[in-house]
Amino acid sequence: MVSKRRLSKSEDREDTTKAREKQLSKKTKKSQAPGEVEDNDNVFVRLLKISGIFLKTGESQNQLAVDQIVFQKKLFQTLRKHPSYPKIIEEFVNGLESYIEDQDNFRNCLLSCERLQEEDASLGTSYSKSLIKLLLGIDILQPAIIKTLFEKLPEFFFENVNGDGISMPRLIISQLKWLDEIVDSKDLTTRIMQLISIAPVDLQHDIITSLPEILGDPQHAEVGKELSDLLVEKTLLTVPILDVLSSLRLGPELLCKVRQMVMSKLSSVRLDDLPVIIKFILHSITAANALEVISELRDKLDVQHCILPSLFLAPQIKLNSKGPGSFLSQESSGQNCVVLLFDVIKSAVRYEKTISEAWIKAIDNIASVSAHKTLDLAMLIIIYSTNTQTKKHIERVLRNKIRLGCFQEDLLQSTFYIHYVVLKDACPSILSLAQSLFHSQDQSVISFGSLLYKYVFKFFDTYYQQEVVAALVTHICSGRDAEVDTALDSLLELIAVNPSAMRLNAVFVKGILDYLDSMSPEQIRKLFYLLSTLAFGKQQEASSHIQDDMYLVIRKQLSSTVFKYKLIGIIGAVTMVGIMAADRSESSQVTQGRAALSSERCAQVTSLLQLVHSCSEQSPQASALYYDEFANLIQGGKLAPKALEWVGQTIFDDFQDAFVVDFCAAPEGDFPFPLKALYGLEEYSDGDGIVINLLPLLFSQDLAKDGAQKTSQESGQKFVSPMCLAPYFRLLRLCVERQHNGNLEEIDGLLDCPIFLTDLEPGVRLESLSAEERSFMCSLLFLTLNWFREVVSAFCQQTSPEMKGKVLTRLKHIVELQEVLEKYLAVTPNYVPPLANFDLETLDVTPCGTPAVSAQLRKKGKKGGKKQQKVDDSKISCDTLPKEDNSEYDPAPSDKSQLDKESSGMEGKMSVSLQNYHTFFRELDIEVFSILHCGLVTKSILDTELHTEATEVVQLGPPELLFLLEDLSQKLENMLVPAAKRVPFFKTKGSRKIGFSRLHQRAAQEIAHCVVQLLTPMCNHLENIHNYFQCLATENCSVADGPALKVREYHIMSSCYQRLLQIFHGLFACELSVVPLERMLVEKLFLKSAAEACLESRNQNGSHGIFQAREIAASVCPTGGRGIGPQDLPPGS
């Protein structure tokens, strides 16, 4: 019933309104025709005519015959001088009210007047005000006119916009804007606020936004308070109210109150409202509260929540929705709001230094890594692009955040996904920032710069893609190693991201070929891989010019006699072969056309390999480099089976002809030493076995150096260098391994076959040998060691017990031969061993340190403690482990115990450290350390009829364990420990990677994972070593110089213990993540073994051992952050 009653009232009101409008229209039509001058003789019309305005009927504009100021002055004087003043004002206003009862008349009074043509020349402006506006400019009429307008305005609340697009309420409100003077501002303010409380929402919005143009400055405080109260009551008016408050002169207390109110609702507002809200918050900031407000705004502003649905769900919505046009419009609207939001922020940080500095500081103050948001990165980039004065500050903040791990790739990728529309405008600044980060000394900062290049290339158009490629090429040509490596890696990643776009910019990449001279072998390898991928991709016809340039460069470098250029040619050719002959069997089904193309490609690969072989066979170093590069290619597992089969057959025959001879057919010659077949693991009774022909080849090489090479070439014999033995064997075994899925039975005879050598133990004849003979023996030992190292790398993963036993035996031979080699090196000054690693920039490589001089100093300083200290210091080189790694226990001089005497005597003999020669040894594969899993291995000894004659138990001894641990420790230090942040003044290019080229072809994460798999056996060895020291202390009754002490064994076990702790420390201290469960298990073991080791060290070696073991153990296992203390020691300590 209530609803019906309300409905009937509204109907009555509508009927009354319609009837009145009909009567008014009839009256107008009867009285006057449209367009004629109003001839009503009331006071209102008559005074207007006298003052210079003629009212027109219908839709015609009122005519102004005089200047506007003249009209206002004349009307004012007429009213003031009228005999019935001030009653005449009331009559004039009543006449106005009667006149504007007609809607057309009212509209004409609200619209601008028309000037008479004869008056145009005398007027200074063509703009004319409306009649109402002119009347409001007269002081004595303004209050009454304002009252009339506010009484008239409610009649049009629910009226639709006319056909001409004019809204009467807005037209009425516009009359109050920009008045020269307001007579009663308080009354006007009261009327406006009352009108806002009853008006519809749309009109409320218009009135509120017009307030700054209506009211004067004295009313701003009162209106601001009223609007703040209205903000609490009507949330729909939040945007217009805040927009107005930003334009009013308000006190700081009121602004703070409103800001806190708005900030509390910030997480729940719509995206459309955000620009105005953020504008108000930024407008209300002062220098005193800038940091506090920006920090709170940064915490509560969640742009990602508003943007993510329109980005990541777009493809699904487009496919599933029936009306894609509506979705596109919504998405476009959302993006426009985001652009408006960041335009507001850009304007604030550009013109307000306080805001930009506060925002940077707010981001800088974030401590937690997880607390950083995509908005932080976007804001740093925006401020960087808009405010040039803060660039250095932003770069410093970015570097610190990157070093701390706060800004990583996931966050950067999300930033580009969410804010790519905004970041597109800042793209030139992003490129500038990336270039600046590339010049850093910190590798993590350089890597972040490369990520900026990557995502600019991925998200933006072809223009910026070209800019990215050109910038990366510039970095490659800079000559700085870290910069060049990262830029090359970035280009390789860009090919994976968008290969078609990279082919369009291939001409820039091709220009890098002019800078090959300044690049390292690893960088050359990356460059040719990059160019080969572009040249031999899917669109080969479009990349033919790259192929031609690559062939031209490779042929030119291969024909050079300088090793550096020949190295470039070999690396480039092998890398290109890897792309040309890549195994694509997993791709889509091959057509007949592709099969023919594959045969043609195979012929190209074969001819290119033959060219490399023919150009390098005269140089042992070049040949060895070719074998190593090819072996690395095969180890990657990407060579097609057809190419691998051709390579395998060629290599197998060539290796057998070059390095292997029959046991019964010993070579004859005038050798400097008696020829013997040594280190065979099988008995050859009938002489049908094979032997590695090492000593004769080395002797032939020395003769060739002395000038006999010409004679051998004239006789038709092919010159073979023993330097190529290990590289060639590695290439052979990798071919066999790939062809037979890891089975090496086809070449297992090379594991146990002997080598043609001579008696290697020097004995008493060492001093009597000539310098040439000692050098010959040193070279023979180096080549033998490298052969055994390569054999161990080849067969270490074989599963049969016989194979494992033989590998352990070869490992024992390596340790024995190293001791013999040290004796020869001690008496062979200025000796340079044969090369074992060939991807060098120069062949002029010398060992670190001068071991012969060190030996003489040791003998002279044997009696004096200070001299001996100097000799020990000279033993340390730049390529060895840290100082604490090579330190040994140094008992006090006053204790003349058996340990002191034997230790000092042992040091007198140990005159050379092979750590100085590590670049002249073949690199062990990371798979070799699977030997650490070996326990006791039972090896069968067969008779001549292959029957088991006896069994032999082989195990990993302490010297072999120390050998493996030292090599593993060096690999971890080189791979997982980052390089120094400051590049030394004297640059030693590539020195860090010499001898670790295979290692650096794998990712650091992969190396860390391999070492994690070794945690269990290494923990077992750690516990066994601890048990050894515990038993030793029991046997000697905790006396350091007990009779049961074996000095050599003691030092080996101590070194093994120390190496294990260093390996654990290096693994857990690296930035890469390891398995948390394994780490917890190891820490529990350390709490026991490391703490008890402190006790053993104290009993046997004094306080120095305690502090050293405690320091290492605490660094590996922090025990809750407190380190190893007395509470961790066993009872009774």
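Up top is the structure.
Here we summarise the structure given alongside this text.

## Some words on the overall build of the chain
Summing up its helical and strand segments, the chain has 50 helices and nine strands in all. Counting every position in the chain, which comprises 1133 residues, the buried fraction comes to 50%. The long-range fraction of contacts in the chain, counting pairs at least 24 apart against all pairs at least 6 apart in sequence, stands at 75%. As displayed, the chain offers around 55000 Å² of accessible surface, 52% of which is attributable to carbon and sulfur atoms.

## A short note on the pattern of salt bridges
Applying the stated criterion across every chain yields a total of 36 salt bridges. For Arg191, the salt bridge identified is with Asp187, shortest N-O distance 3.0 Å. Residue Arg191 and its partner Asp187 are located together in helix H10 (residues 185-198), separated by four residues, close to a single helical turn. On the accessibility criterion, Asp187 (28% relative accessible area) is partly exposed. Its salt-bridge partner being Arg1002, residue Glu1006 comes within 3.7 Å of it at the nearest N-O pair. Its relative accessible area of 36% is what places Glu1006 among the partly exposed residues. Three or more residues joined by partner-sharing salt bridges are found here, namely Asp628, Arg730, Arg733, Glu737, Glu790, Arg922, Asp925 and Arg998.

## Here's the deal with the sheet that holds strand E1 (residues 53-54)
Strand order in the open sheet made by the three strands is E1-E2-E3, with mixed pairing throughout. Each end of this open sheet is capped by a strand with a single partner; those strands are E1 and strand E3 (114-115). Across two bridges, E1 lies against strand E2 (residues 63-64) in antiparallel orientation. Of the residues in E2, the one forming a bridge with Ile53 is Leu64.

## Let's talk about helix H12 (residues 220-233)
Here H12 spans 20 Å end to end across 14 residues, near enough to the 20 Å set by a 1.5 Å rise per residue. Regarding H12, the residues found buried are His220, Val223, Gly224, Leu227, Ser228, Leu230 and Leu231. Projected down its long axis, H12 shows its buried positions confined to an angular sector of 165 degrees, all on one face. Exposed residues pointing more than 90 degrees away from the buried face of H12 are listed as Lys225, Val232 and Glu233.

## Considering the packing of helix H21 (residues 374-386) against helix H24 (residues 427-438)
Angle between the axes and distance between the axes are the two parameters that describe a pair of packed helices. Axis separation between H21 and H24 bottoms out at 9 Å; the angle between their running directions is 100 degrees. In terms of orientation, H21 and H24 fall into the roughly perpendicular class. Residues Ile381, Tyr384 and Ser385 of H21 form the contact with H24, whose participating residues are Ser429, Ile430, Ser432 and Leu433. For the contact of H21 with H24, the per-class residue count stands at four nonpolar, three polar and no charged.

## A closer look at unusual backbone geometry
Put simply, Tyr85 and Pro86 share a cis peptide bond, and its omega is 10 degrees. For Pro86, the position within the fold is in the loop between helix H3 (68-81) and helix H4 (87-99). The residue Tyr679 is not glycine, and still its phi comes out positive at about 60 degrees. In this fold, Tyr679 is placed in the loop between strand E5 (676-678) and strand E6 (690-692). A residue is classified by how much of its surface remains accessible, and Tyr679, at 21% relative accessible area, is partly exposed.

## Some details on the side chain of Asn289
Topologically, Asn289 is positioned in the loop between helix H15 (274-283) and helix H16 (290-300). Of the residues examined, Asn289 reaches a relative accessible area of 15% and is grouped as buried. Other than its neighbours up to four places away in sequence, Asn289 contacts Arg259 and Ser284.

## Digging into helix H34 (residues 620-635)
Compared with an ideal rise of 1.5 Å per residue, which puts 16 residues at 22 Å, H34 spans 22 Å between its outermost C-alpha atoms and is within 8% of the ideal. Two residues or fewer past H34, Gly637 is found with a positive phi of approximately 75 degrees.

## Remarks on the packing of helix H31 (residues 544-558) against helix H32 (residues 563-580)
Across the interface, H31 lies against H32 with an axial gap of 7 Å and an inter-helix angle of 140 degrees. Looking at the two axes, H31 sits oblique to H32. Of the two possible hands of crossing, H31 and H32 adopt the one that is left-handed. Between H31 and H32, the contacting residues are Met550, Tyr551, Ile554, Gln557 and Leu558 on the first element and Tyr565, Lys566, Ile568, Gly569, Ile570, Gly572, Ala573, Met576 and Met580 on the second. Class assignment for the residues of the contact of H31 with H32 results in ten nonpolar, three polar and one charged.

## Notes on the environment of Ile146
Mapped onto the secondary structure, Ile146 falls in helix H8 (residues 142-152). Given the relative accessible area of 4%, Ile146 is considered buried. Spatially, the C-alpha atom of Ile146 lies 9.5 Å from that of Ile132, the residues being 14 residues apart in sequence. Dropping the residues within four chain positions of it, Ile146 is found in contact with Leu136, Leu176, Leu188 and Arg191.

## Regarding the nonpolar core
Most often, soluble globular proteins keep nonpolar side chains buried together rather than apart. Of all hydrophobic cores here, the largest spans 322 residues; its most connected members are Leu227, Leu282 and Ile931. Among the elements that take part in this core, helix H39 (residues 771-795) stands out by supplying 14 residues, more than any other. Apart from the residues lying within four places of it in its own chain, the contact partners of Leu282 are Ile294, Leu297, Val344, Ile345, Ala348, Ile355 and Trp359.

## A short note on the packing of aromatic side chains
Aromatic rings in a pair are described by how distant their centres are and how their planes are angled relative to each other. Scanning the model with the defined rule gives 29 aromatic pairs in all. An angle of 75 degrees between the planes, with centres 5.1 Å apart, marks the rings of Tyr463 and Tyr464 as edge-to-face. Taking the relative accessible area as the measure of exposure, Tyr464 reaches 14% and is therefore buried. Taken together, the ring pairs in this structure connect Tyr626, Tyr627, Phe630, Phe655, Phe659, Tyr728, Phe729, Trp787 and Phe795 into an aromatic cluster. Taking NZ or CZ as reference, Lys152 lies 5.7 Å from the ring centre of Phe106, over its face.

## Things to note about the environment of Ser185
Among the secondary structure elements, Ser185 is positioned in helix H10. In this structure the C-alpha to C-alpha distance between Ser185 and Pro218, which are 33 residues apart in sequence, comes to 8.7 Å.

## Describing the state of the cysteines
Across all of its chains, the model carries zero disulfides by this definition. Unpaired in terms of disulfides, Cys934 finds its nearest cysteine sulfur in Cys796, a separation of 9.6 Å.

## A look at the environment of Val45
Assignment of secondary structure puts Val45 in helix H2 (residues 43-51). C-alpha separation for the pair Val45 and Gly95, spaced 50 residues apart in sequence, amounts to 7.7 Å.

What counts as what
Residues numbered from 1 in each chain as written. Predicted model: local features only at pLDDT ≥ 70, side-chain atom pairs only at ≥ 80, totals over all residues. Heavy atoms only, no water. Helix = DSSP H or I, 4+ residues; strand = E, 2+ residues; numbered from the N terminus. Buried < 20%, exposed > 50% of the residue type's maximum accessible area, 1.4 Å probe, protein only. Contact = heavy atoms within 4.5 Å. Areas by Shrake-Rupley, 256 points an atom, 1.4 Å probe, with all protein chains shown as cover. Salt bridge = Lys/Arg side-chain N within 4 Å of Asp/Glu carboxyl O. Pairing = 2+ DSSP bridges. Expected span 1.5 Å × (residues − 1). Arc of directions from axis to C-beta. Axes fitted to C-alpha atoms, helices over the stretch in contact; angles between N-to-C directions. Parallel < 35°, antiparallel > 145°, perpendicular 65-115°, else oblique. Nonpolar A, V, L, I, M, F, W, Y, C, P; charged D, E, K, R; others polar. Left-handed = near helix turned anticlockwise from the far one by under 90°. Core = buried A, V, L, I, M, F, W, Y, C linked by side-chain atoms within 4.5 Å. Phe/Tyr/Trp six-rings, centres within 6.5 Å; stacked < 30°, edge-to-face > 60°. Lys NZ or Arg CZ within 6 Å of the ring centre and 35° of its normal. Disulfide = S-S within 2.5 Å.

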